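Commentary on secondary and tertiary structure
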Amino acid sequence: MVDSQILNPSVEAAPSTYVLPDAVRFVLKAVNADYTDNGAADAWLPAVVIASDSGHVVSYAVDQGVSVAAGDDAAVSFFPGIKHAAGGGATLDLPWAAGEADLRSNSTRAAYFKTATTDSNLFSYDSFNKQWLIFEGGTYLYFTHAVFQDAVATTPAATRFSFASAFANVGGGHPFMELLNHPLQVGVLEFSGTSARWDLNESEIISLDPTQTPMRISTTAACSSGANLLAGMTMGIVRISTSALLNPF
Amino acid sequence: MAQPLTVSLPPNLELWGGCTIQVTALDPTTGDHVSDVDVSNVTLEVALVEGSADDLVVGPFMLVTGPEG
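Attention in this report is confined to the structure presented alongside it. Remember, it's a predicted structure, so these values are computed and weren't measured experimentally.

Let's talk about the overall build of chain B
- The helix and strand inventory of chain B stands at zero helices and five strands.
- When the helices and strands of chain B are listed from N to C terminus, the series reads β-β-β-β-β.
- Each of the 69 residues in chain B was classed as buried or not, and the buried ones make up 38%.
- Of the accessible surface of chain B, which amounts to about 3,500 Å², a share of 52% is contributed by carbon and sulfur atoms.

Put into C-alpha cells, the structure is as follows:
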C-alpha cells in the first residue's frame with residue numbers, strides 16, 4: 001500500500017467533511033486539523049466522526065479527556081494508539097515496615113538492627129521483645145528472606161538450620177487468619193559434613209481482625225552447630241487493605 | 001500557536017467509496033456538533049488499497065505531492 005496525503009486548506013465551519021470517491025478504498029492512518037473557536041459558549045471536544053456509505057456511524061474518534069476551553073484554539077492530531085496518562089488518579093501509597101535482622105544467635109528471636117516504617121501508628125518494632133507490632137486490623141502481606149551459611153569448612157554432621165516466623169494476637173474475637181494457609185515454619189535442613197548455604201523465602205498474607213490487635217510477629221532461627229552459623233534476614237510487611245477477610249476460604 | 005492535542009483514531013480502519021470522514025467539534029455532554037468552531041488545514045494521511053492517488057481529490061481536498069510528486 002502507498003501512503004498519500006490530502007489537504008483541505010480552506011477555513012470551514014465545523015464539520016469539514018470528506019466523502020470517499022467510489023473508485024477509492026483506503027486505510028485511514030492519521031488526521032490533523034487546526035481548530036479556531038469563534039465564540040463557542042462552552043468547552044468542546046475535537047473529533048473525527050467516520051460513517052459508512054449508508055450514513056451509519058462507524059466510530060467517533062473523540063476523548064473526553066481532550067477538551068478545549070471555550071475561546072481557545074487547538075491544533076489536533078488523530079492517530080491510532082494514543083493512550084493519555086490518567087489525570088488526577090491517586091498514587092499507590094501503601095503503609096509498610098521493613099527491617100534487617102541478625103540470626104546468628106542460636107534459637108533466639110531475630111534482633112533487628114535496622115528498621116523503618118512509613119506509618120509509626122500502624123507498625124512498631126519492640127526491640128526489647130524483638131517483635132514487630134501491628135496496631136490496626138486489615139489484610140497484610142508479610143515476607144522475609146533469610147540466608148544461612150555455616151562458617152566452618154566442614155559442617156559438623158547432622159547440622160540443622162531452621163527458620164520460622166511466629167504470629168500472635170491479643171484480645172478476644174476472631175483470631176488472625178493466614179490466607180495462604182501454609183505452615184509458619186518454613187523449613188528445617190540437615191547437613192552432614194559439608195559446608196552449606198541455605199536461602200529461604202517466606203511469604204504470608206495475613207488477615208487481622210481489629211479486635212485482635214496488636215498482632216505480634218517474631219522470627220526465630222536455630223542452628224544446631226551454634227556459633228558456627230552465619231545468618232541474616234530481611235523482612236517487609238505491607239498493608240494491602242484496611243479490611244480483614246475473616247472467612248476467605 | 002494553538003494548543004497541540006492528540007486523540008486516538010481507530011487502527012486499521014479500511015474505508016470505501018461513499019464513507020465519510022467528518023472533522024468536527026462535539027459538545028462533551030450531548031455529542032452534538034458545536035457551532036462557532038472553524039476547522040482548517042485538514043489533512044488526511046491514507047494508505048491506498050484500491051484506486052489511485054489522483055482519485056482522492058474531492059471538492060476542496062487536494063492531493064499533497066511529496067518530493068517525488
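That was the structure; now back to the text.
Re the pattern of salt bridges
- All chains considered together, the criterion is met by four salt bridges over all chains.
- A salt bridge links B:E14 to A:R25; its shortest N-O distance comes to 3.1 Å. Placement of B:E14 in strand β2 (residues 13–15) and of A:R25 in strand β4 (residues 25–37) is noted, with the two residues assigned to different chains.
- The class for A:R25 is partly exposed, based on a relative accessible area of 27%.
- Among the ionic pairs, A:E136 bridges to A:R239, the shortest N-O distance being 2.8 Å. Within this pair, whereas A:E136 is found in the loop between β12 (131–134) and β13 (138–150), its partner A:R239 is found in strand β19 (residues 229–241), the two being separated by 103 residues in sequence.
- Salt bridges here are not isolated pairs; linked through shared partners, they connect A:R25, B:E14 and B:E50.

With respect to unusual backbone geometry
- Note that the residue after A:A14, namely A:P15, is joined by a cis bond; omega there is 5°.
- Along the chain, the position of A:P15 falls in the loop between β2 (12–13) and β3 (16–19).
- At B:N12, a position not held by glycine, the phi torsion is positive, near 55°.
- By the secondary structure assignment, B:N12 is in the loop between β1 (3–8) and β2.
- Judged by its relative accessible area of 69%, B:N12 is exposed.
- Positive phi values are uncommon outside glycine, yet B:D36 reaches one of about 65°.
- Of note, B:D36 is situated in the loop between β3 (20–26) and β4 (37–50).

Re the sheet that holds β3(B)
- Judged by pairing direction, the sheet is antiparallel, and its four strands sit side by side in the order β3(A)-β3(B)-β5(A)-β6(A) without closing on themselves. For this open sheet the edge positions go to β3 and β6 (57–61) of chain A, each flanked by a neighbour on one side alone. Mean inter-strand twist for the sheet, computed between neighbouring axes without regard to direction, equals 20°.

Details of the nonpolar core
- Within the largest apolar cluster, 38 residues are counted, with the highest numbers of intra-cluster contacts made by A:F26, A:L28, A:Y35 and B:L44.
- Those elements that place two or more of their residues in this core are β4, β5 (45–51) and β7 (74–79) of chain A together with β1, β2, β3 and β4 of chain B.
- Looking at this core element by element, the count peaks at six residues for β4(B).
- Counting 27 residues, the second largest nonpolar core, distinct from the first, contains A:A110, A:F123, A:I134 and A:M233.

Re the environment of A:V24
- If you trace the backbone, A:V24 turns up in the loop between β3 and β4.
- With sequence-adjacent residues up to four places away left out, A:V24 is seen in contact with B:L15, B:W16, B:G17, B:L48, B:E50, B:S52, B:D55 and B:L56.

Regarding a nonpolar patch on the surface
- Taken together, the side chains of A:V57, A:Y60 and A:V62 define a hydrophobic patch exposed on the protein surface, amounting to about 250 Å² of accessible area.
- With respect to the helices and strands, the residue A:V62 is situated in the loop between β6 and β7.

Examining the pairing of strand β1 (residues 2–8) of chain A
- In the sheet, β1(A) pairs with β4(B) via seven bridges, with the strands oriented antiparallel. Within β4(B), the residue paired with A:S4 across the bridge is B:V46.
- Note that β1(A) and strand β5 (residues 62–64) of chain B share three bridges and pair antiparallel. When the bridges of β5(B) are listed, A:Q5 appears paired with B:V64.

Side note on the packing of aromatic side chains
- Under the counting rule described, the total for this entry stands at seven aromatic pairs over all chains.
- Put simply, the rings of A:Y18, A:F26 and B:F61 pair up and form one aromatic cluster.

A short note on the interface of chain B and chain A
- Contact residues are listed per partner, giving 55 residues for chain B and 72 residues for chain A.
- Of the roughly 7,000 Å² buried between chain B and chain A on both sides combined, carbon and sulfur atoms contribute 59%.
- Considering only the side of chain B, the residues that lose the most area to chain A are B:V7, B:L9 and B:E45, jointly responsible for 11% of the buried surface there.
- The interface formed by chain B and chain A includes two salt bridges.
- If you list the elements that add at least two residues to the side of chain B that touches chain A, you get β1, β2, β3, β4 and β5 of chain B.
- Looking at which element gives the most residues to the side of chain B that touches chain A, the answer is β4(B), with 14 residues.

The rules behind the values
- Counting restarts for each chain, with residues numbered from 1 along the sequence as it is written.
- Think of it this way: whatever chain is written first is A, whatever ligand is written first is 1, and the rest follow in order.
- Reporting in this predicted model follows two pLDDT cut-offs: at least 70 for local features of residues, and 80 or more for side-chain atom pairs to be given and counted; totals over whole chains, interfaces and linings ignore these cut-offs and use all residues.
- For the side-chain quantities, the full set of heavy atoms in the structure was used; hydrogens and water were omitted.
- Put simply, DSSP marks the helices as runs of H or I at least four residues long and the strands as runs of E at least two long, and each gets a number from the N terminus on.
- When a residue's accessible area, from a 1.4 Å probe over protein chains only, is under 20% of the maximum for its type it is buried; when over 50% it is exposed; and in between it is partly exposed.
- Here the Shrake-Rupley method, with its probe set to 1.4 Å, supplies the accessible areas, and only the displayed protein chains count as covering residues.
- Definition used for salt bridges: Asp or Glu carboxyl oxygen within 4 Å of a side-chain nitrogen of Lys or Arg.
- Strand pairing is assigned whenever DSSP detects at least two bridges linking the two strands.
- Fitting a line to C-alpha atoms yields each axis, with helices limited to the stretch in contact; the angle taken between N-to-C directions then spans 0 to 180 degrees.
- Definition of nonpolar core: a set of buried residues of the types Ala, Val, Leu, Ile, Met, Phe, Trp, Tyr and Cys, connected through side-chain atoms within 4.5 Å.
- Contact between two residues is taken to exist if any of their heavy atoms lie within 4.5 Å; hydrogens are not considered.
- Each patch is built from residues lacking any salt bridge and having more than 30% relative accessible area; the joining distance is 9 Å for like charges and 5 Å for nonpolar side chains (Val, Leu, Ile, Met, Phe, Trp, Tyr).
- A pair of aromatic rings is counted whenever rings of Phe, Tyr or Trp (Trp by its six-membered ring) have centres within 6.5 Å, and the orientation is called stacked for planes under 30 degrees apart, edge-to-face for over 60 and tilted otherwise.
- Accessible area that two parts lose when put together, evaluated with a 1.4 Å probe and summed over both, is termed the buried area.

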